[in-house]
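What follows is each chain in one-letter form.
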Amino acid sequence: MNCGAAEGREGVTNQRQRPRRRGQGELEGLVLSVLGEADGPATAGWVQERLGGDLAYTTVITILTRLLAKGAVTRERAGRSFAWTPVADQAGLAAHKMRKLLDGESDREAVLASFVTSLGPGDERLLRELLSRATAEGED
C-alpha cells in the first residue's frame, strides 16, 4: 500500500518538474521580441541568453531558421555563425500567416466575407477605419 502511495507522489513530482510545452507561434513571438530589443544584428547565443537559457541552442536556431523562411528575419555571416535581424514584428508575422492562409484558398471572397462577418463590432469598426486610411493614402 505504501508502494502505491509513493508511486503516486513520484508521478506528481515528475509532472511538476516538466516545463510547460510552448507552441511554435509563441516561441517565434518570443524570439522576435528579443531580436527587436537588440541594438543591431544578434547571434542565436545572444537570443538564447536573453530568453533565460531555458531553450536549447538548437531550438533557438530552428526557430530563427523558420522565421527566415517566413521572411520575418534576415541573417548575415558573423564568423562561423550568423547574426540575425528582425524584418517583421509579431504583428507583421501574424499578417503574413493570414495572407498565406488566404492565398491557399480558392474562394477568397467567401473566406474574407466569413472573416468579416465573424468580427465583433469594435474590430469591424477598426477594420473599416484601416481600409479608409489605406484608400485615402492610395489616392494621394
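The following refers to the structure shown. Worth saying up front: this structure is predicted, and the values here are computed from it rather than measured.

1. A closer look at the nonpolar core
- Val31, Leu35, Val47, Leu51, Val60, Leu64 and Leu67 are the most contacted members of the largest nonpolar core, which has 20 residues in total.
- Taken together, the elements giving at least two residues each to this core come down to helix H2 (24-37), helix H3 (44-50) and helix H4 (57-69).
- When residues in this core are grouped by element, the largest group, five residues, is from H2.
- Once residues within four sequence positions are removed from consideration, Val60 is found in contact with Ala44, Val47, Gln48, Leu51 and Leu55.

2. Concerning the pattern of salt bridges
- Per the stated rule, a full pass over the model turns up five salt bridges.
- Across the salt bridge formed by Glu28 and Lys70, the nearest N and O atoms sit 2.9 Å from each other. Placement of Glu28 in helix H2 and of Lys70 in the loop between H4 and strand S2 (73-78) is noted, with a sequence separation of 42 residues between them.
- Using a relative accessible area of 0% as the deciding quantity, one classes Glu28 as buried.
- Classification of Lys70 as partly exposed rests on a relative accessible area of 22%.
- Across the pair Asp103 and Arg108 runs a salt bridge, and its minimum N-O distance is 2.8 Å.
- Using a relative accessible area of 54% as the deciding quantity, one classes Asp103 as exposed.
- Since its relative accessible area comes to 40%, Arg108 is described here as partly exposed.

So, how was this worked out
Residues numbered from 1 in each chain as written. Predicted model: local features only at pLDDT ≥ 70, side-chain atom pairs only at ≥ 80, totals over all residues. Heavy atoms only, no water. Core = buried A, V, L, I, M, F, W, Y, C linked by side-chain atoms within 4.5 Å. Buried < 20%, exposed > 50% of the residue type's maximum accessible area, 1.4 Å probe, protein only. Helix = DSSP H or I, 4+ residues; strand = E, 2+ residues; numbered from the N terminus. Contact = heavy atoms within 4.5 Å. Salt bridge = Lys/Arg side-chain N within 4 Å of Asp/Glu carboxyl O.

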